[in-house]
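# Results of the structural survey
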Amino acid sequence: MILMAVLFIGAGLIFLVYPHSVTDASEKQITDRVIMSRWVGGSLIALSCLFLIMGTIQLLDQASHHVGH
């Protein structure tokens, strides 16, 4: 679970840090690509963080349920 979240965060960082690519695109197409790349990168990072938070909450819930019985 943690490995998948780290991979998603890494992919998100790549989208955020390296949004430019060398093509014969116009300035507007490059700008649109950068905006979309930042959205994808930010979304991957945010969802990965939520995934880690939910996993942690689930582990704590399982541990407290085991102690209560």
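Residues take numbers from 1 onward in each chain, read along the sequence in its written order. Under the rules for a predicted model, residues below a pLDDT of 70 receive no local features and side-chain atom pairs below 80 are neither given nor counted, while totals for whole chains, interfaces and linings still include all residues. With hydrogens and water excluded, all non-hydrogen atoms of the structure serve as input to the side-chain values.

Assigned secondary structure in the protein chain consists of 2 helices and 0 strands. We call two residues contacting when some pair of their heavy atoms lies within 4.5 Å. Across the protein chain, the fraction of contacts at a sequence separation of at least 24, relative to all contacts at a separation of at least 6, is 69%. Areas reported as accessible are Shrake-Rupley estimates using a 1.4 Å probe. Residue values count occlusion only from the protein chains shown. By element, 74% of the accessible surface of the protein chain is carried by carbon and sulfur atoms, the whole surface being about 5,600 Å². Numbering of helices and strands starts at the N terminus; helices are DSSP runs of H or I of at least 4 residues and strands are runs of E of at least 2.

The salt bridge definition used is simple: a Lys or Arg side-chain nitrogen within 4 Å of an Asp or Glu carboxyl oxygen. In total, this model carries 1 salt bridge according to the counting rule given. Put simply, K28 and D32 hold a salt bridge, and the shortest N to O gap is 3.2 Å. Remark: D32 and K28 occur in helix α2 (residues 27-68); sequence separation between them is 4 residues, near one turn of the helix. Residue burial is assigned from relative accessible area. The probe radius is 1.4 Å, only protein chains are included, and a residue is buried under 20% of its type maximum, exposed over 50%, and partly exposed in between. Residue class for K28 comes out exposed when judged on its relative accessible area of 58%.

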